[in-house]
Amino acid sequence: MAISGPDMHRQLMDGYKNAQQRLEQMRQSISAISSRRGELGEDRSGALVDLAEHYLPDLTRESIQASWVEARDGLTRVLMRKEDQRRRVSDALSVINDKRNLEDDRLFEINQSLDEAKQQQDELAKKVEAELAADTTFGTLSNRAATAEAALERAESNLNEIEQEATKKLPAYQESSLFNYLRERQYGTEHYTKRGFTRRTDRWLAKFINYNKAKQGYDFLINTPDQMRTIIAKDHEALNTVMDELENRRDLVMKRVGLSAAIDKFEQIETRREKQLVELDGIREETESLERELTDLEDSRGSYY
């Protein structure tokens, strides 16, 4: 009897579903087996570790002699490598400790030299200060510099106030159409050329808004900051000239007394000290690393174990 198309399709689909179910069951079975195998492997590894720790509680010659005969040669070779490494690290630590002691002594000497240089520098600085205090020209220049500096501070403060005032008030002028109309026509100046009715109207308008007073205020806000900046710049140049003269007179005294050379010597020793500290930091890090490694090598249950 022939099978119809729909029946054939249904049978194929049922067969496909059955095959998929069997495949899924097989996958789950394989997964369970793999999981169990992993657990057994872990149990085996743990058991081997426990067994190894039981027969070799630490990495010493005594423990090796008490272990399996078959394993003694391999364990002895591991112990020999460990002991060789411990000797190398111990020797390196001895060398680096000797070097650190030597560099510590050098740092002590540098610190002593630095203290002596600082003391000498302070003594010479007092001499320079005394000579400059007795120098009337230096005193006069110092007073001029102090006065000029105070005046500059006041001028810069005033400039700041005027700039703030200009920022606050100028927009009102700039937004006044009547004021700008007269200003653009240069009313009240020799460049104003209007006649007749226009001139009479502009005169009335200027009186109405009090243009002359407003123009004075506007010109003040526009021009004064630039004028003050020019004056301040000149005052700065004058102050710098006085300061240069003061520094020159001071430097001459410092050189003659020997303070300049003392300062150079102090800075050179200070540079040597900074380099020495960097050197000691490197030695200290190396020493700590070797000490950690030696501690591990001296542990019968360290990394070699």
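Residues numbered from 1 in each chain as written. Predicted model: local features only at pLDDT ≥ 70, side-chain atom pairs only at ≥ 80, totals over all residues. Heavy atoms only, no water.

Colleague: What am I meant to see in the nonpolar core here?
Modeller: Generally speaking, soluble globular proteins have nonpolar side chains that are buried together. V128, L132, A145, I232, V242, L246 and L259 are the most contacted members of the largest nonpolar core, which totals 19 residues. Those elements that provide at least two residues to this core are α3 (69-134), α4 (136-174), α7 (211-257) and α8 (259-297). Non-local contacts of V128, meaning those with residues more than four positions away in its chain, are made with V253, M254, V257 and L259. If you look at the next biggest cluster of nonpolar residues, it comprises 13 residues, including A166, F179, Y218 and L221. (Core = buried A, V, L, I, M, F, W, Y, C linked by side-chain atoms within 4.5 Å. Buried < 20%, exposed > 50% of the residue type's maximum accessible area, 1.4 Å probe, protein only. Helix = DSSP H or I, 4+ residues; strand = E, 2+ residues; numbered from the N terminus. Contact = heavy atoms within 4.5 Å.)

Colleague: Just to check I follow, could you spell out the side chain of Q85 for this structure?
Modeller: Take Q85: it is sitting in helix α3. A distance of 2.7 Å separates polar atoms of two side chains, one belonging to Q85 and the other to R88. Apart from residues no more than four positions distant in its own chain, Q85 is found in contact with E293, L297 and Y304. (Polar contact = N/O pair within 3.5 Å; in protein donor to acceptor, adjacent residues only side chain to side chain.)

Colleague: Help me out: how do you make sense of a positive patch on the surface in this one?
Modeller: Together, R195, R199, R200 and R203 make up a region of like positive charge exposed at the surface. With respect to the element layout, R200 can be found in helix α6 (residues 196-208). (Patch = residues over 30% accessible without salt bridge, like charges linked within 9 Å, V, L, I, M, F, W, Y side chains within 5 Å. Areas by Shrake-Rupley, 256 points an atom, 1.4 Å probe, with all protein chains shown as cover. Salt bridge = Lys/Arg side-chain N within 4 Å of Asp/Glu carboxyl O. Lys, Arg positive; Asp, Glu negative; His and termini not counted. Charge placed at Lys NZ, Arg CZ, Asp CG, Glu CD.)

Colleague: Before we go on, may I ask you to explain the confidence of the model for the protein in this structure?
Modeller: Low pLDDT means the predicted atomic positions in that stretch should not be read closely. Mean pLDDT over the protein works out to 83, with 79% of the residues at or above the 70 mark. The least confident element of the protein is helix α1 (residues 5-55), whose mean pLDDT is 61; the most confident is α8, at 93. (pLDDT = per-residue confidence, 0-100.)

Colleague: Got a minute to help me understand the packing of α4 against α7 in this structure?
Modeller: In a packed pair of helices, the relevant descriptors are the angle between the two axes and the axis-to-axis distance. Where α4 meets α7, the axes come as close as 8 Å, and the angle between the chain directions of the two elements is 160 degrees. Judged on the interaxial angle alone, α7 and α4 are roughly antiparallel. Regarding α4 and α7, the two cross each other, and that crossing is left-handed. (Axes fitted to C-alpha atoms, helices over the stretch in contact; angles between N-to-C directions. Parallel < 35°, antiparallel > 145°, perpendicular 65-115°, else oblique. Left-handed = near helix turned anticlockwise from the far one by under 90°.)

Colleague: Honestly, a negative patch on the surface in this entry has me stumped. Any pointers?
Modeller: Taken together, the side chains of D264, E267, E270 and E274 present a region of like negative charge at the surface. Of note, E267 is situated in helix α8. Residue class for E267 comes out partly exposed when judged on its relative accessible area of 44%.

Colleague: How do you make sense of α6 when you look at a structure like this?
Modeller: Spacing of three or four residues puts side chains on the same side of an α-helix, whose turn is 3.6 residues. Taking 1.5 Å as the rise per residue, α6 with 13 residues should run 18 Å; its terminal C-alpha atoms sit 18 Å apart, in good agreement. Listing the buried residues of α6 in full gives D202, L205 and A206. Along the long axis of α6, the arc covered by the buried residues comes to 100 degrees, so they all point the same way. Counted as exposed and oriented over 90 degrees from the buried face of α6: F197, W204, K207 and F208. Summarising the contacts, the buried residues of α6 are in contact with α5 (177-184) and α7. Two residues or fewer past α6, N210 is found with a positive phi of approximately 55 degrees. (Expected span 1.5 Å × (residues − 1). Arc of directions from axis to C-beta.)

Colleague: Looking at this model, I keep getting lost on the pattern of salt bridges. Mind explaining?
Modeller: Side chains that differ in sign of charge can pair as their charged atoms come close. Evaluation of the coordinates by the stated rule reveals 14 salt bridges. In this structure, the salt-bridge partner of K169 is E165, at a minimum N-O distance of 2.8 Å. Taken together, the residues span about one helical turn, with K169 and E165 both in helix α4 at a distance of four residues. In this structure K169 comes out as partly exposed when scored by relative accessible area, which is 40%. Note that R229 and D226 form a salt bridge whose closest N and O atoms lie 2.6 Å from each other.

Colleague: Which parts of the structure should I look at to understand a nonpolar patch on the surface?
Modeller: Together, L178, W204 and F208 line one region of the surface with nonpolar side chains, adding up to about 370 Å² of accessible area. Within the secondary structure, L178 is located in helix α5. By relative accessible area, which is 35% here, L178 ends up partly exposed.

Colleague: Whenever I open this one, unusual backbone geometry confuses me. Can you help?
Modeller: Excluding glycine, a negative phi dihedral is what most residues carry, and trans is how most peptide bonds are arranged. Positive phi, close to 60 degrees, is recorded for Q186, a residue that is not glycine. Overall, the relative accessible area of 37% leaves Q186 in the partly exposed class. The phi dihedral of N210 falls on the positive side, at around 55 degrees, and the residue is not glycine. Along the polypeptide, N210 turns up in the loop between α6 and α7. Relative accessible area serves as the criterion here: at 44%, N210 is assigned to the partly exposed category.

Colleague: Sorry if this is basic, but what is going on with the packing of α7 against α8 here?
Modeller: It is at 5 Å that the axes of α7 and α8 come closest, and there the two elements cross at 75 degrees. Compared by their axis directions, α7 and α8 come out roughly perpendicular. Here α7 contributes D251, M254, K255 and V257 to the contact with α8, which in turn contributes L259, S260 and I263.

Colleague: Help me out: how do you make sense of the environment of Q85 in this one?
Modeller: Judged by relative accessible area, which is 18%, Q85 ranks as buried. When the C-alpha atoms of Q85 and L297 are compared, they prove to be 7.8 Å apart, with 212 residues separating the residues in sequence. Side chain to side chain, Q85 and E293 meet in a polar contact 2.7 Å long.

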